[in-house]
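# Topology and contacts: notes
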Amino acid sequence: MVISWCAAAALAATVQLQVEPESLVAGQTGRARVLVVSGGRGDAQANTSRPPMLAVQDGLQAGYVGQMSKFEARNGSITQVLQFDYRLTALQEGVWTVGPVQVALDDGTTAVARAVRVAVGPRPELGEERAAVVVEAGFDVREAVEGQVVLYRYLIRTTHAGATAEWRLPAFDGLRRPQLGKTAIREYSVDDPDGVIQVQEGLYPLIATGTGQRDQNAAIATVKIPLGRADMFGFRRVRSEPWATERAELRVVPLPPPPPGYSGLVGDFEVISRVDKRLAAVGQSIAWTVQIVGNGALEGYSLPPYEAPGAIVYEDDSRVVGRVEGSEYVSGAAFHRVVVPTEEGALQPPPLSLITFSPTRREYVTHNVDLPTITVMPGREGTGEVTSFGSPGDAADPVDLAAPQEIRPTGPDTTLRLSALMPALLLVAALPGLLVLWASAAGWALRRARDRRAARQGAVSPASLVRSLPSDPEERWAALDAALTATRASEDGPVLSALHAQVLRVRFAGHAPDAELEDEVLRAVRGVAA
Amino acid sequence: MMALWLGCVAAAGVLEDGARAVEAGNLDEAVQVWSAVSEEGGRTSGVLAYNLGTVQLRRGELPQAIAHLRAAARLRPRDGAIHHNLALSRAELGLVPPPAPLPSAWMSVVTPGELGLLGLLGTLLGSLLLVIGSRSAVGRIRGSAVGVLGLAVGVVAIVGGARLEHQPIAVILGEQGDDAVLRDAASVNAGVRLRLPAGTEVQVQRDYAGFFLVEDGRGRRGWLAQSAAARGW
């Protein structure tokens, strides 16, 4: 998996199988997922209509749940991750195997994920009380070697729905955090016949720098358990409970006396070498890449110097990555070199030796990287003509490029920095514009308020207009006019039209009002309103 | 602003004093005169830093020369003579890690002060357009767009300037002729993380208890004794 992870971004699609958790109690249901990681468009893809078969042994039962696709930034490049989810139910006690998983890709190839082991423990006796909160912390190994990367795992299991925990970890005396690789936080749930168990787990990578007994103090988890129902704003009261884990035990043993040429790397590593061509001309560049992948810290490491007879070897760039993947720390480095042959014939570069210390084997391991034989052809010669594009007079004074430029006897002794004044100056510069914008916004808001008020006034009903008529004759006839106008807007007819014409004549033509006219208008308006 | 600048030029004469010393072949005196400007709390100019770096290059004090030339390049990023002498100084060194870059790529073309001035002018122009075109919607949109652009440029300049000020470049001097040691913590008893040869250009990220937290051009970090490095600014 280490190799597949490191190569994922650069090579073809790779497949990973992850199980959460890796230990269950009989009757519980966990999760398994198959991740198909590819470089996106152009790379081979998995068939999404046929989820891969997840083979399990008799003590487990697997069922397909669903799939999703997402894009992630991995190692500085965008990769597509296709995820198939499965439900994994523990049926019998024992240690069982899930996988391996084979995924057929659309380019005809098959990618394989290695199998994962799942331990199924016995179910507690009936009536045995189960703790509502369990906190655990410890290292993944009891004994490490100086320089080895160890994982500090802290975990809370709770049956309280929605409970969260804030952790205060120990000081980690004699250990330090690697520059590459952040703490991996995982949250998942386990379906148990007695209720759902929420699990929050953190994996913190550390490098053992001090030797001797390096036991660490307890980690403190402040568990926040929600109480009652959520209020109208969606908030719930919580009860905080402090929980302490056991001390984490770790013994760090010093490295044995190193052999000459030891690289300083501690971990189980694999070294891969690749050249981009096996046939080249004299003077042609051959790209040579050395990849180191493993579970140890690679930060600050660079390849030992290398010389090949019949060629010049130049250092190119290098790239180192490291992260917690699943339940282990994985790291990878790619060192690029350029080999330029200087003689024709068969170029046989000597092997590159790299000595590391393997914590699992407890011994120094020598990795010999053999380079293939490269056939070097004679280089082609050019005509050797030189063309000059400048006029002959321009080249009068040759310049010694290796001599430093002269000092300058004049110029400012000090430079005015604007940075301190800049915020205030920007604000002053923006102020007139902001004032204009504010005035425009205020004018718009005023107009809008006025329009709304007018709209509200225009919505007054004809009946309400005639409910309280003013005593002043002119205002009274104006109100009757408005009431008739509003009435005719909803329902018109010859009677209303004639009445309205009489009212207009009274208002604007100086006609004396008919004694019955006002009563007729009121009847007509109220009649329509009714 | 102009008056202040002219005042600085007129009042100084430090450059001329140092130049006379160089002409007389007294490089130590020139370094002393020019170094006094920053030691007395003054802000050195790009020309002064360039002169200091050039003289130190001639004296073979390569790490110090690189520190001053980096400071000069920060204040005069488009000055070819500075980059020429900086390249010469680096070429004189042996195999050192790649130099730590500036916080942002645009700083190798324009200084935060120049960019800030551009932002200021843009903001002013935006305000002017808003005032002139306040009666039409098009005028307001045009003015707002120019003003927002100017403000954005100004903010980039302010942030960039602050980063440059607080994360300066330092050059490893070495410890008694040996490589400088980067440690796990700001203490002489802390574990050794890395050794860097003299002349390595690193970025200072923090300053604590006589130590710098530095990062080299390959992204490797560690605590370095302040006496083992020369700060560019």
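What comes next is a walk through the structure. (Residues numbered from 1 in each chain as written. Chains lettered and ligands numbered in written order. Predicted model: local features only at pLDDT ≥ 70, side-chain atom pairs only at ≥ 80, totals over all residues. Heavy atoms only, no water.)

Helical periodicity: at 3.6 residues per turn, an α-helix aligns residues three or four positions apart in one direction. Helix length check: helix 8 (residues 137–166) of chain B (30 residues) gives 43 Å between terminal C-alpha atoms against 44 Å at 1.5 Å per residue, within 8%. When we look at burial in helix 8 of chain B, the residues that qualify are B:Gly139, B:Gly143, B:Gly147, B:Gly150, B:Gly154, B:Ala157, B:Gly160, B:Gly161 and B:Leu164. (Helix = DSSP H or I, 4+ residues; strand = E, 2+ residues; numbered from the N terminus. Expected span 1.5 Å × (residues − 1). Buried < 20%, exposed > 50% of the residue type's maximum accessible area, 1.4 Å probe, protein only.)

For the rest of this paragraph, the subject is the interface of chain B and chain A. Chain B puts 57 residues into the contact, and the matching count from chain A is 33 residues. Carbon and sulfur atoms supply 65% of the area buried between chain B and chain A, which totals about 3,900 Å² over both sides. Remark: the boundary between chain B and chain A carries three salt bridges. A salt bridge links A:Arg176 to B:Asp184; its shortest N-O distance comes to 3.5 Å. Along the contact surface separating chain B from chain A lie ten residue pairs in polar contact (both at pLDDT 80 or more). Broken down by element, the side of chain B that touches chain A gets its largest block of residues, ten residues, from helix 7 (residues 112–132) of chain B. Residues belonging to the side of chain B that touches chain A are distributed by class as follows: 28 nonpolar, 18 polar and eleven charged. (Contact = heavy atoms within 4.5 Å. Buried area = accessible area lost by both parts, 1.4 Å probe. Salt bridge = Lys/Arg side-chain N within 4 Å of Asp/Glu carboxyl O. Polar contact = N/O pair within 3.5 Å; in protein donor to acceptor, adjacent residues only side chain to side chain. Nonpolar A, V, L, I, M, F, W, Y, C, P; charged D, E, K, R; others polar.)

Residue and element names in this part refer to chain A. Strand order in the open sheet made by the four strands is 22-24-26-25, with antiparallel pairing throughout. Only two strands of the sheet have a single partner each, and these edge strands are strand 22 (269–275) and strand 25 (311–325). Going from strand to strand, the sheet's axes swing by 15° on average, the running direction of each strand aside. Two strands pair when backbone bridges link them, and strand 24 (residues 286–294) and strand 26 (residues 328–341) are joined in this way by nine bridges, in the antiparallel orientation. Bridging from a neighbouring strand, Ala287 pairs with Val338 of strand 26. (Pairing = 2+ DSSP bridges. Axes fitted to C-alpha atoms, helices over the stretch in contact; angles between N-to-C directions.)

The topology assignment puts A:Glu406 in the loop between strand 30 (374–377) and helix 2 (422–458). A polar atom in the side chain of A:Glu406 sits 2.5 Å from the side chain of B:Arg58.

What follows is about unusual backbone geometry. All names here are of chain A. Here the bond from Glu20 into Pro21 is cis, since omega is -10°, no more than 30 degrees from zero. As for its placement among the helices and strands, Pro21 is situated in the loop between strand 1 (14–20) and strand 2 (23–25). Omega for the peptide link from Gly99 to Pro100 comes to 0°, which places this bond in the cis form. Its place among the elements puts Pro100 in the loop between strand 6 (94–98) and strand 7 (101–104).

That is the geometry; function is a separate question.
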